[in-house]
Amino acid sequence: GENVEQHPSTLSVQEGDSAVIKCTYSDSASNYFPWYKQELGKRPQLIIDIRSNVGEKKDQRIAVTLNKTAKHFSLHITETQPEDSAVYFCAASRDSSYKLIFGSGTRLLVRP
Amino acid sequence: NAGVTQTPKFQVLKTGQSMTLQCAQDMNHEYMSWYRQDPGMGLRLIHYSVGAGITDQGEVPNGYNVSRSTTEDFPLRLLSAAPSQTSVYFCASSQPAGKDAFFGQGTRLTVV
């Protein structure tokens, strides 16, 4: 069945450094790839997404890249700040599917 | 602007008890879903609905029932709670279907 793998499970960086989180997906028909941020005790919230007709998308310090051939996509956070500390989830879905399949999450810690 | 509202926020059940987790959205979204979140396993889809009167199973449907009599409400029922159902449950809605999911604040359920 459909599966999304996410790495690493934990990531610790110094404030100001960059952070990269990687995901791979199994369903070649997937064409929508959102990223969610979940702060401690709160709900997941969408931070950026990308569709299969685009290779890269950027929003201020956050960018996402997609390699459809290799079936992987990545989240890049530049100039990290302590408030970026949270759990990040990637997900994948098909246009024709009504299901978001999530990765297992990455706990990011930004050290001041 | 309530968005997606879940009740209760916390619940403790004894093994074998039944209960219903409530979810309501006021955004007129067609698609609603239930996820459970367990440590190290991300968000796993339990059941989803693409509109009033239509429901389907997700990745982990066993032990749970759902119904969708109105566009706004999507309750999740546990008929006979088991300790393995101890988890945090999130309801989500989206429009168009399967994209940009908005999550409720979650229900932390403990089964003893």
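Only a predicted model underlies this, so the values are computations on that prediction, with no experimental measurement involved.

Q: So what's going on with the packing of aromatic side chains? Which residues, and what values?
A: Summed over the entire model, instances satisfying the criterion amount to 13 aromatic pairs over all chains. Taking 4.8 Å as the distance between ring centres and 45 degrees as the angle between the ring planes, the aromatic pair formed by Tyr25 of chain A and Phe33 of chain A counts as tilted. Here Tyr25 of chain A falls in the buried class, since its relative accessible area comes to 5%. Connected via pairs of aromatic rings, a cluster forms that spans Tyr36, Phe89 and Phe102 of chain A together with Tyr35, Phe90 and Phe103 of chain B. The ring of Phe74 of chain B carries the charged tip of Arg68 of chain B above its face, separated from the ring centre by 5.9 Å.

Q: Tell me about the nonpolar core, residues and numbers included.
A: Core analysis: the largest hydrophobic core is formed by 24 residues, its most contacted members being Trp35, Phe73, Leu75 and Leu108 of chain A. Residue assignment for this core shows that the elements contributing at least two residues are β2 (10–14), β3 (19–25), β4 (32–38), β5 (45–51), β7 (62–67), β8 (72–77), β9 (86–92) and β11 (106–111) of chain A. Ignoring anything within four residues of it in the chain, the contact list for Leu108 of chain A reads Leu11, Val13, Ala19, Ile77, Asp84, Ser85, Ala86 and Tyr88 of chain A. Within the second largest apolar cluster, 19 residues are counted, among which are Trp34, Ile46, Phe74 and Cys91 of chain B.

Q: Let's hear about the environment of Lys22 of chain A: which residues, and what values?
A: Residue and element names in this part refer to chain A. For Lys22, the position within the fold is in strand β3. Look at Lys22 and you get exposed, because its relative accessible area is 53%. C-alpha separation for the pair Lys22 and Val64, spaced 42 residues apart in sequence, amounts to 9.7 Å. Residue contacts for Lys22: discarding those within four places in its chain leaves Glu5, Gln6, His7, Phe73 and Ser74.

Q: Could you give an account of empty space enclosed by the protein, naming the residues involved and the relevant values?
A: All names here are of chain A. Enumeration according to the criterion identifies one cavity of 30 Å³ or more in this entry. The calculated volume of the largest cavity comes to roughly 70 Å³. Lining the largest cavity we find 13 residues, and of these Glu2, Asp27, Ser30, Ala92 and Ile101 sit closest to its centre.

Reading the values: the criteria
Residues numbered from 1 in each chain as written. Chains lettered and ligands numbered in written order. Predicted model: local features only at pLDDT ≥ 70, side-chain atom pairs only at ≥ 80, totals over all residues. Heavy atoms only, no water. Phe/Tyr/Trp six-rings, centres within 6.5 Å; stacked < 30°, edge-to-face > 60°. Buried < 20%, exposed > 50% of the residue type's maximum accessible area, 1.4 Å probe, protein only. Lys NZ or Arg CZ within 6 Å of the ring centre and 35° of its normal. Core = buried A, V, L, I, M, F, W, Y, C linked by side-chain atoms within 4.5 Å. Helix = DSSP H or I, 4+ residues; strand = E, 2+ residues; numbered from the N terminus. Contact = heavy atoms within 4.5 Å. 1 Å grid on protein atoms, 1.4 Å probe; cavity = no way out; pocket = protein on both sides within 12 Å on 5 of 7 lines; lining within 4 Å. Points joined across faces, edges and corners; volume = space filled by probe spheres on them.

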